[in-house]
Amino acid sequence: MRESSRAAREAAHEAGLDRVLVELVNLRVSQMNGCAYCLDRHTRSALKAGETTQRLGVLSAWRDTEVFSPAERAALALAEATTDLSDPAAQDEAYEAARSALTEHQISAVLWVAITINAFNRVSILSQHPVRPPA
């Protein structure tokens with residue numbers, strides 16, 4: 001799993017996606033899946049990469065804000081479509097929107113990141129990875 005995660009981050013970097021966007025995808029997927037461990041870990045990673053507390057605070061309502069770029073909005077929609085497979089129309093809409101804001105290489109990288117964090121969420125949830133207070 002760690003190797004897959006490293007490869008997904010590398011693919012995102014090679015596609016020209018910055019670390020903040022990758023962490024937004026990780027966080028949005030983890031929010032949808034309810035994975036406390038991954039939310040904790042990727043919140044810290046996002047802050048370290050330069051993300052703001054304002055944007056982190058409104059991430060679950062990203063569609064209702066103006067604080068995310070077109071590329072970030074496209075990536076978040078793709079992440080949601082990859083996580084919730086129950087609505088094919090939403091998937092089609094997300095892919096269509098992504099094509100206007102991201103390259104094919106970037107779309108592939110976002111999908112890889114979203115699929116990887118979905119897998120990590122499931123492992124962490126089922127393994128009951130704890131979230132501990134800071135030391």
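One can find the structure itself at the top, above this paragraph.
All of the points below concern the structure found in this document. Being a predicted model, the structure only gives us computed values, none of them experimental.

Further remarks concern the overall build of the chain. A tally of regular secondary structure across the chain gives seven helices and zero strands. Each helix and strand of the chain, ordered N terminal to C terminal, gives the series α-α-α-α-α-α-α. C-alpha atoms of the chain, sized along the principal axes, occupy 45 × 30 × 30 Å. Residue burial in the chain is summarised as follows: out of 135 residues, 41% are buried. As displayed, the chain offers around 7,700 Å² of accessible surface, 53% of which is attributable to carbon and sulfur atoms. Taken together, the 14 basic and 17 acidic charged side chains of the chain have centroids lying 10 Å from each other.

Below, the discussion takes up the pattern of salt bridges. Summed over the entire model, instances satisfying the criterion amount to 10 salt bridges. In this structure, Arg6 engages Glu10 in a salt bridge whose closest nitrogen and oxygen atoms are separated by 2.7 Å. In this pair, Arg6 and Glu10 are both assigned in helix α1 (residues 2–14), four residues apart and thus about one turn of the helix distant. Between Glu72 and Arg55 there is a salt bridge; the shortest N-O distance is 2.7 Å.

Between its first and last C-alpha, helix α3 (residues 36–48) extends 18 Å over 13 residues, near the 18 Å set by a 1.5 Å rise per residue. Looking at the buried residues of α3, the elements they touch are α2 (19–33), α4 (53–58) and α7 (104–127). Two residues or fewer after α3 comes Gly50, characterised by a positive phi angle close to 110°.

Take the packing of helix α5 (residues 70–83) against helix α6 (residues 88–101) next. A pair of packed helices can be characterised by two numbers: the angle between their axes and the separation between those axes. It is at 9 Å that the axes of α5 and α6 come closest, and there the two elements cross at 155°. Between α5 and α6, the interaxial angle falls into the category roughly antiparallel. By crossing handedness, the relation of α5 to α6 is classed as left-handed. Of the residues in α6, those touching α5 at Pro70, Ala71, Ala74, Ala77, Leu78, Ala81 and Thr82 are Ala90, Gln91, Ala94, Tyr95, Ala97, Ala98 and Ala101. Its residues assigned to classes, the contact of α5 with α6 shows 12 nonpolar, two polar and no charged.

This next bit is on the environment of Arg19. Mapped onto the elements, Arg19 comes out in helix α2. C-alpha separation for the pair Arg19 and Gly50, spaced 31 residues apart in sequence, amounts to 8.9 Å. Looking at Arg19, its side chain comes within polar contact range of the side chain of Glu23, at 2.8 Å.

What follows covers the side chain of Gln106. Position of Gln106 relative to the elements: it lies in helix α7. With a relative accessible area of 13%, Gln106 lands in the buried category. Within the structure, the side chain of Gln106 is placed 3.1 Å from the backbone oxygen of Ala15, a separation counted as a polar contact.

What follows covers a negative patch on the surface. Taken together, the side chains of Asp84, Asp87, Asp92 and Glu93 present a region of like negative charge at the surface. Structurally, the position occupied by Asp87 is in the loop between α5 and α6. Taking the relative accessible area as the measure of exposure, Asp87 reaches 37% and is therefore partly exposed.

Definitions and limits used
- Residues numbered from 1 in each chain as written.
- Predicted model: local features only at pLDDT ≥ 70, side-chain atom pairs only at ≥ 80, totals over all residues.
- Heavy atoms only, no water.
- Helix = DSSP H or I, 4+ residues; strand = E, 2+ residues; numbered from the N terminus.
- Buried < 20%, exposed > 50% of the residue type's maximum accessible area, 1.4 Å probe, protein only.
- Areas by Shrake-Rupley, 256 points an atom, 1.4 Å probe, with all protein chains shown as cover.
- Lys, Arg positive; Asp, Glu negative; His and termini not counted.
- Charge placed at Lys NZ, Arg CZ, Asp CG, Glu CD.
- Salt bridge = Lys/Arg side-chain N within 4 Å of Asp/Glu carboxyl O.
- Expected span 1.5 Å × (residues − 1).
- Contact = heavy atoms within 4.5 Å.
- Axes fitted to C-alpha atoms, helices over the stretch in contact; angles between N-to-C directions.
- Parallel < 35°, antiparallel > 145°, perpendicular 65-115°, else oblique.
- Left-handed = near helix turned anticlockwise from the far one by under 90°.
- Nonpolar A, V, L, I, M, F, W, Y, C, P; charged D, E, K, R; others polar.
- Polar contact = N/O pair within 3.5 Å; in protein donor to acceptor, adjacent residues only side chain to side chain.
- Patch = residues over 30% accessible without salt bridge, like charges linked within 9 Å, V, L, I, M, F, W, Y side chains within 5 Å.

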